[in-house]
Amino acid sequence: MKSSAASKISYAFTKFLYCREFGIFLILILLSILFYFTSRDHSFVSQTNVETMLKIGPEIGIIAIGVTMLMIAGEFDLSVGSMLGFSALVMCWLYSKFNLNLPLAFFITLCVGAFMGALNGLITVKFGIPSFITTLGTMMWWRGMIFVISAGFPTIFRPEKTNPLFKFILVGSIGGIPLQFIWFVVFTVILTLLLNYHKFGNHVFATGGNKEAARAMGVNTDLTKIICFIIVGILSAFCGVMQSTRARGAYALQGTGAEMQAIAATVIGGTSLFGGSGTIIGTFLGSLVLEVISSGLLTSGVSGYWFNAVVGITVIAIVIMNIKLEQRRIHRGKGSRV
């Protein structure tokens, strides 16, 4: 009996060690320790810096967890940065130029985000165009629309003048914890439950894993992909409004590069580039890794130009780690059957 209990504990512990999320969490801890010692006067762990990370990180992280669902379904979205920027401009124009009340303007902006996501999905599935090409085109289109509408000038956004509660809900803080991070946690929990405990999540995994087999089982793979695109569009719009509220305006280049960071966070979190595999929790941790790298380099006095280089190496290293872990899982699985 004791031997059996010990073997179960040993098996559970081994399974935990080989868990992708544990590997990402370990990397997060190691990076934090590294930057703690390399930052000037240990400023990496100062209250101001930690609060800044918890404010800025979620603006990409929330988009990244939506991109995770889409990548599990076997598709990409390169337009999230442009959708973020265009949604921010829509929100600011509705409020500043058309004097709409904030809740209504916010709702319309989310609908615009849903429309942009649905457009990506419909073009991709109805015309059989690879999502990489579809979203590359819409990325350029929406960015172009931002310049056409704004003429390159910023649009000022001061919601606190008429509705301080709106600003507080999006970018305030509770007990020293920024609400941006709380929103990040909320969306992470919701999408985790949707992906792991709802039949739609099963459809997402089946669609990305083997589309033809999923269709044979009665899964509407086209609709599943379109819904995932819509989720990404809504989350991009939400982050656009959140970022504009924090930055007090919409800017022509707002969101530029967000697509690469979102995909990097997703890949760092262990999501397969080929679809059918990934976790929301992994992406949550991957987003934190990106923000730790960015803030850690800054507080350590390293040029910000190194950020992309370090992220690139990190992505490659973690993908290699995930491949090795997957090979060990397969090997252990064969061994257990023998």
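Fair warning: this is a prediction, and the values are worked out from it, not measured in the lab.

K.L.:
Break down the side chain of threonine 207 for me, citing the residues and quoting the values.
P.N.:
On the secondary structure map, threonine 207 appears in helix α9 (residues 199-209). Polar side-chain contacts of threonine 207 include one of 2.7 Å to the backbone oxygen of histidine 203.

K.L.:
So what about the layout of surface pockets? Which residues, and what values?
P.N.:
A volume near 460 Å³ is recorded for the largest pocket. Along its surface, the largest pocket is lined by 24 residues, and Ile56, Ile60, Gln261, Glu291 and Ser294 are the ones closest to its centre. At the level of elements, α3 (47-72), α11 (221-247), α12 (258-268) and α13 (280-299) are the ones that each hand at least two residues to the lining of the largest pocket. When residues of the lining of the largest pocket are assigned to their parent elements, the largest contribution, 6 residues, is made by α13.

K.L.:
Which residues make up the packing of α3 against α13, and what are the values?
P.N.:
At a minimum axis distance of 8 Å, the contact between α3 and α13 shows a crossing angle of 140°. The handedness of the crossing between α3 and α13 comes out as right-handed. Touching Asn49, Met53, Ile56, Gly57, Gly61, Ala64, Ile65, Thr68 and Met69 of α3 are Ile280, Thr283, Phe284, Ser287, Glu291, Val292, Ser295 and Thr299, all from α13. Considered class by class, the residues forming the contact of α3 with α13 number 8 nonpolar, 8 polar and 1 charged.

K.L.:
Tell me about the pattern of salt bridges, residues and numbers included.
P.N.:
Applying the stated criterion across every chain yields a total of 5 salt bridges. As a salt-bridge pair, glutamate 75 and lysine 225 come within 2.7 Å of each other at their nearest N and O atoms. Here glutamate 75 is found in the loop between α3 and α4 (80-96), whereas its partner lysine 225 is found in helix α11, with 150 residues between them in sequence. Residue classification places glutamate 75 among the buried positions, given a relative accessible area of 9%. Notably, a salt bridge pairs aspartate 222 with arginine 215, separated by 3.5 Å at the nearest N-O pair. Arginine 215 gets classed as partly exposed once you look at its relative accessible area, which sits at 38%. Overlapping salt bridges, with partners in common, bring together Glu212, Arg215 and Asp222 in one network.

K.L.:
Lay out the packing of helix α8 (residues 179-197) against α13 in plain terms, naming residues and giving numbers.
P.N.:
α13 packs onto α8 with a crossing angle of 155° between their chain directions and a minimal axis gap of 9 Å. By the angle between their directions, the pair α8 and α13 is classed as roughly antiparallel. The residues of α13 that touch α8, namely those facing Phe181, Phe184, Val185, Thr188, Leu191, Thr192 and Leu195, are Ile280, Ile281, Phe284, Ser287 and Leu288. Its residues assigned to classes, the contact of α8 with α13 comprises 9 nonpolar, 3 polar and no charged.

What counts and how
Residues numbered from 1 in each chain as written. Predicted model: local features only at pLDDT ≥ 70, side-chain atom pairs only at ≥ 80, totals over all residues. Heavy atoms only, no water. Helix = DSSP H or I, 4+ residues; strand = E, 2+ residues; numbered from the N terminus. Polar contact = N/O pair within 3.5 Å; in protein donor to acceptor, adjacent residues only side chain to side chain. 1 Å grid on protein atoms, 1.4 Å probe; cavity = no way out; pocket = protein on both sides within 12 Å on 5 of 7 lines; lining within 4 Å. Points joined across faces, edges and corners; volume = space filled by probe spheres on them. Axes fitted to C-alpha atoms, helices over the stretch in contact; angles between N-to-C directions. Left-handed = near helix turned anticlockwise from the far one by under 90°. Contact = heavy atoms within 4.5 Å. Nonpolar A, V, L, I, M, F, W, Y, C, P; charged D, E, K, R; others polar. Salt bridge = Lys/Arg side-chain N within 4 Å of Asp/Glu carboxyl O. Buried < 20%, exposed > 50% of the residue type's maximum accessible area, 1.4 Å probe, protein only. Parallel < 35°, antiparallel > 145°, perpendicular 65-115°, else oblique.

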